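The residues making up each chain are set out below.
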Amino acid sequence: MKLQELLDARQLRIRTLYSVDGAPEREVNWTYTTDLLDPGRYLSRGQLVMTGMVWRRNPGDSDAFVGRVANAGAIALFAGEGLLGYVPDDVVAACHRHRLPLFSVPAEVSFASITAFVSDALASKRVDHLAAGLIRQRDLLTDVYRGQMLDELITRSADDLGRAVWVITASGRQVVLSPTPLSQNETAALLHEAISSDQSPFTFADSRGEPISALMITGTGEHQATGWFLVVSGDWRQWHPTVLDTVRELAAVVGLYRVQHRGSLRDSTNASANRLVQLIAGDHEGPELAVYRRHAGMEDSDQFYVLAGAFDRNSRDDLQDLAFWVLADAAEHVPGTIVATEAEEHVIVILPAKSIDAPPYVGAEPVQVFTKALTLLATTCTELGTLQVGISASAGSHQLGGALRIARYCLQLAAAETEPTTSLVIRDSTSTMSSTMLLAAVPDPLRRVFVDSIMKDLIAHDARYRGELVATLRTFLDCDCSWVRTAEAMHLHVNSLRYRIARVEKITNKDLSNNADRTDLYLALKLM
């Protein structure tokens, strides 16, 4: 309630002794009655202080009392006339010096009646405020039920609030496109504050140093890296309570849209994507694969990147699920991206290779947009371990099986290079040797046929006699066919080594002194 409402109450007969500009419009949060000379420790800002002036022993006490009340942030002082029959001039002068509005309360009016008036007024306003909040919530939920798009809802809410409003994810993705999007530095500042802050809303500064407030939107137990943020211009600590309540209610409705969005990604869309990746991994070329490719919007002439991602295995049990949401958020920066999960706990992303033709990244390269989003995201989940990502070279829609194997191999390279303090490691096809890429691209059926034709009998011999001939051949080739180095590596006598190699040549019908035969054996071992 405002102070003017007390002054207008005829039954209270409150009289103004001293006032300042805007005093009647001050909000009364509560009343506090005191006759202590130093009540400062018990006061809080926004209170109306009432006193019977028992503390006044001499005129000098007035300045001390009024100064402490003013410094505590009281909105005004009500002085009762019951003790002295009037308000002394030294009290009025002290209020002038400290610019504290002063009002007199007649002896017949008790402080209890003033407190009761304030209590009733505040209770009434709380009821009105609650009713208004319920109406706002009903209107917002009605919009959701009617299928109003989130961007329409945010636009209308921004107009109602008179403030800029954004909805973004932890990767900096604009859930609702804004004509004045947050810059990358502002998004980084938002994420930094989200990690370090233990409250919501929290504030951060924009590029001009002006305050911006944000509320994190996540489900119970969900990691902040998977969250959305409702971002509103201004410092929430200076907002009127009604504005703050409106923003909180809007955040709750945005949370409903987030739940719907996650459900659509995880259910039908992801099931279709998972099956597509299974078919690609198995090098299938039948009508089923054609149906899933067509359903995903993949044309025969299109080029794609395949990415494999995972967190290292040193932390939580739900890492595959977290990796899915993190990579899916980054992937949504690029239209037409497919995200799936594998039984091996990898998350697979199939990224269109052509330049993006939709805002806000028109003309941008998909891999650059994706990796930039991942870099931002990785800052929010450092405690989860390292996010590792392998990226293939671009490949046609009929060559995705090989691209998938290259992405997995690059992921292995990323895992091998991970350090404890690293939050993100990305390795692409340029990180591998060309022969490794060639082998990784060999389809599984051809791989099995080639290995069986050369190594089947040797593998069967080892399984039956435990002869370690496969291990001996591998070490021999790794040591550049050096008898001495291989014998030392395997702790064998050279004659024993020669016997084993002779058995390998007889069983495989290959001559290790022949370059072509040696290459066949080397490739078969690499493809195993």
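Here, every reference points to the structure presented above.
Residues numbered from 1 in each chain as written. Predicted model: local features only at pLDDT ≥ 70, side-chain atom pairs only at ≥ 80, totals over all residues. Heavy atoms only, no water.

### So, the side chain of serine 392
Following the sequence through the fold, serine 392 ends up in the loop between strand S13 (387–391) and strand S14 (395–396). Overall, the relative accessible area of 2% leaves serine 392 in the buried class. Setting aside anything within four residues of it in sequence, one finds serine 392 in contact with Tyr305, Val306, Ala403, Ile406, Ala407 and Ser429. (Helix = DSSP H or I, 4+ residues; strand = E, 2+ residues; numbered from the N terminus. Buried < 20%, exposed > 50% of the residue type's maximum accessible area, 1.4 Å probe, protein only. Contact = heavy atoms within 4.5 Å.)

### A closer look at the packing of helix H14 (residues 469–478) against helix H17 (residues 515–527)
Contact geometry of H14 with H17 gives a least axis separation of 11 Å together with a crossing angle of 115 degrees. Relative to H17, the element H14 lies roughly perpendicular. The interaxial crossing formed by H14 with H17 has left-handed handedness. Within the contact between the two elements, H14 uses Val470, Leu473, Arg474 and Leu477 and H17 uses Arg518, Leu521, Tyr522 and Leu525. Of the residues belonging to the contact of H14 with H17, the class tally is six nonpolar, no polar and two charged. (Axes fitted to C-alpha atoms, helices over the stretch in contact; angles between N-to-C directions. Parallel < 35°, antiparallel > 145°, perpendicular 65-115°, else oblique. Left-handed = near helix turned anticlockwise from the far one by under 90°. Nonpolar A, V, L, I, M, F, W, Y, C, P; charged D, E, K, R; others polar.)

### Things to note about the pairing of strand S4 (residues 76–80)
Judged by how many residues are buried, S4 sits mostly within the fold: five of five residues are covered. Of the two faces of S4, both are covered, the one formed by Ala76, Phe78 and Gly80 as well as the one formed by Leu77 and Ala79. Two elements, strand S3 (residues 47–51) and S4, share four bridges in a ladder whose sense is parallel. Following the sheet pairing, threonine 51 is matched in S4 by alanine 79. Note that the unit made of S3, helix H2 (residues 60–71) and S4 has a crossover that is right-handed. (Pairing = 2+ DSSP bridges. Right-handed = clockwise from strand over helix to strand, strands pointing away.)

### Let's talk about the sheet that holds strand S9 (residues 228–233)
What the four strands build is an open sheet, ordered S6-S9-S8-S7; its pairing is antiparallel. If you trace the sheet from one side to the other, it starts and ends with strand S6 (165–169) and strand S7 (202–205), each paired once. Neighbouring strand axes in the sheet, compared pairwise and without regard to direction, differ in orientation by 30 degrees on average. As judged from the five bridges shared by S6 and S9, these two strands associate in the antiparallel manner. In the strand pairing of S9, threonine 169 is matched with tryptophan 228. Helix H6 (residues 184–196) rests against S6, S7, strand S8 (211–217) and S9 of the sheet, and its axis sits at about 145 degrees to S7.

### Details of the environment of alanine 189
Relative to the elements of secondary structure, alanine 189 occurs in helix H6. Taking the relative accessible area as the measure of exposure, alanine 189 reaches 26% and is therefore partly exposed. Remark: the alpha-carbon pair of alanine 189 and threonine 203, spanning 14 residues in sequence, is separated by 9.6 Å. Those residues within four positions of alanine 189 in sequence are excluded, and the remaining contacts are Phe204 and Ala205.

### Notes on unusual backbone geometry
Along the chain, serine 200 connects to proline 201 via a cis peptide bond; the corresponding omega equals 10 degrees. Here proline 201 is to be found in the loop between H6 and S7. In this structure, asparagine 509 is a non-glycine residue whose phi angle is positive, near 60 degrees. With respect to the helices and strands, the residue asparagine 509 is situated in the loop between helix H16 (494–508) and H17.

### Here we look at the side chain of glutamate 81
Looking at where glutamate 81 falls in the secondary structure, it is placed in the loop between S4 and helix H3 (89–98). Those residues within four positions of glutamate 81 in sequence are excluded, and the remaining contacts are Arg15, Tyr86, Val87, Ser104, Val105, Pro106 and Ala107.

### So, helix H10 (residues 366–378)
A rise of 1.5 Å per residue sets the reference length of H10, with its 13 residues, at 18 Å; its end C-alpha atoms lie 18 Å apart and thus fit the reference within 8%. Among the 13 residues of H10, 10 are classified as buried, and the element is accordingly described as predominantly covered. Those residues of H10 not exposed but buried are Pro366, Val367, Val369, Phe370, Thr371, Ala373, Leu374, Leu376, Leu377 and Ala378. Of the surrounding elements, those touching the buried residues of H10 are H6, strand S10 (303–311), helix H9 (319–331), strand S12 (347–352), S13 and strand S15 (424–428). (Expected span 1.5 Å × (residues − 1).)

### Looking at the pattern of salt bridges
In this structure the tally under the stated criterion is 17 salt bridges. Note that glutamate 108 and arginine 13 form a salt bridge whose closest N and O atoms lie 2.8 Å from each other. Highlighted residues: glutamate 108 in the loop between strand S5 (102–105) and helix H4 (111–145) and arginine 13 in the loop between helix H1 (3–8) and strand S1 (15–18), separated in sequence by 95 residues. Here the residues in one salt-bridge network are Lys2, Glu25 and Glu27, joined through shared partners. (Salt bridge = Lys/Arg side-chain N within 4 Å of Asp/Glu carboxyl O.)

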